[in-house]
Amino acid sequence: MKTDIGVLSENRKKVSELLNILLADETVLYIKTRNYHWNIEGPNFYGLHILLENHYTELGVMIDDIAERVRQLGHKATGTMKEYLDTTSLKESSTDNTKLDEKGMLKNLVLDHEEIIRELRDNIDKCEEYDEPASGDFVTALVEKHEKMVWMLRSSVGK
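Heads up: these notes are all about the structure in this document. In this text, all values refer to a predicted model and were calculated from it rather than measured experimentally. (Residues numbered from 1 in each chain as written. Predicted model: local features only at pLDDT ≥ 70, side-chain atom pairs only at ≥ 80, totals over all residues. Heavy atoms only, no water.)

Some details on the overall build of the protein
Stated formally: Helix numbers and strand numbers start at the N terminus; a helix is a DSSP run of H or I with at least 4 residues, a strand a run of E with at least 2. Note on classification: 1.4 Å probe, protein chains only; a residue is buried when its accessible area is under 20% of the maximum for its type, exposed when over 50%, partly exposed between these limits. In this description, contact between two residues means that some pair of their heavy atoms is separated by no more than 4.5 Å. Surface accessibility in these figures is a Shrake-Rupley result with a 1.4 Å probe; residues are shielded only by whichever protein chains are displayed.
Across its full length, the protein carries five helices and zero strands. In sequence order, the protein lays out its α and β elements as α-α-α-α-α. When the backbone C-alpha atoms are referred to their principal axes, the protein occupies close to 55 × 30 × 20 Å. Scored against the burial criterion, the 159 residues of the protein give a buried share of 43%. In the protein, of all internal contacts separated by at least 6 residues, the share reaching a separation of at least 24 is 82%. For the protein, the exposed area adds up to about 9,000 Å²; of that, 52% sits on carbon and sulfur atoms.

Let's talk about the environment of Asp 86
By the secondary structure assignment, Asp 86 is in helix 3 (residues 81-87). Each C-alpha atom of the pair Asp 86 and Ile 21 lies 9.7 Å from the other, and the pair is 65 residues apart in sequence.

Looking at the nonpolar core
For clarity, the cut-off: Take the buried residues of types Ala, Val, Leu, Ile, Met, Phe, Trp, Tyr and Cys, join any two whose side-chain atoms come within 4.5 Å, and each joined set is a nonpolar core.
Counting residues in each nonpolar core, the largest one holds 42 residues, and the members touching the most others are Leu 19, Leu 22, Leu 52, Ile 66, Leu 120, Leu 142 and Leu 153. Put simply, the parts of the chain that give this core at least two residues each are helix 1 (9-39), helix 2 (45-72), helix 4 (102-129) and helix 5 (133-157). The residues touching Leu 120, leaving out its near neighbours within four places in the chain, are Leu 22, Val 139, Leu 142, Val 143 and His 146.

What to know about the packing of aromatic side chains
Rule in force here: In this scheme Phe, Tyr and Trp rings, the latter by its six-membered ring, pair at centre separations within 6.5 Å, and the angle between planes marks the pair as stacked below 30 degrees, edge-to-face above 60, and tilted otherwise. Two conditions define a charge sitting above a ring: the NZ of Lys or the CZ of Arg must be within 6 Å of the ring centre, and it must be within 35 degrees of the ring normal.
For the structure on display, the rule yields one aromatic pair. Relative to Tyr 56, the ring of Tyr 30 lies with its centre 6.1 Å away and its plane at 90°, an arrangement referred to as edge-to-face. Of this pair, Tyr 30 sits in helix 1 while Tyr 56 sits in helix 2, and the two are 26 residues apart along the sequence. For Tyr 56, a relative accessible area of 9% puts it in the buried group. Above the ring of Tyr 56, the side-chain terminus of Arg 34 is found at 3.9 Å from the ring centroid.

See below:
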């Protein structure tokens with residue numbers, strides 16, 4: 001059945017493309033966060049282990065919500081690691097984290113979240129341009145979630 005939600009087909013397609021890029025970025029960040037959760041070591045291990053678990057759990061929900069938003073717009077959500085790695089602007093992190101201490105890991109996550117926040121803010125404007133305010137509101141809510149995670153990570157890094 002054809003999608004007819006009061007948004008031009010070409011605009012739904014453009015918004016879905018933006019969301020699929022975001023889906024790739026969020027998935028790479030999710031995997032990186034899990035990697036650090038599993039492999040972090042140091043004097044703050046327990047607290048950081050719990051913090052990162054909370055973050056990857058929230059990222060998992062966000063990933064599902066983004067994919068479902070793409071489907072609501074009548075398009076397919078990307079779903080393979082190859083597609084994600086071909087699409088994302090984020091860098092993977094090796095499982096050989098010997099070069100990164102806990103502060104290095106947290107700083108990497110802060111940088112990734114901030115990159116996604118900038119992308120999200122740009123997408124809010126694009127959703128307005130494409131006359132798709134519901135997706136703009138959806139993206140705005142994601143900004144707030146990422147900003148909270150950045151605050152927690154940055155506070156955990158210290159000076």
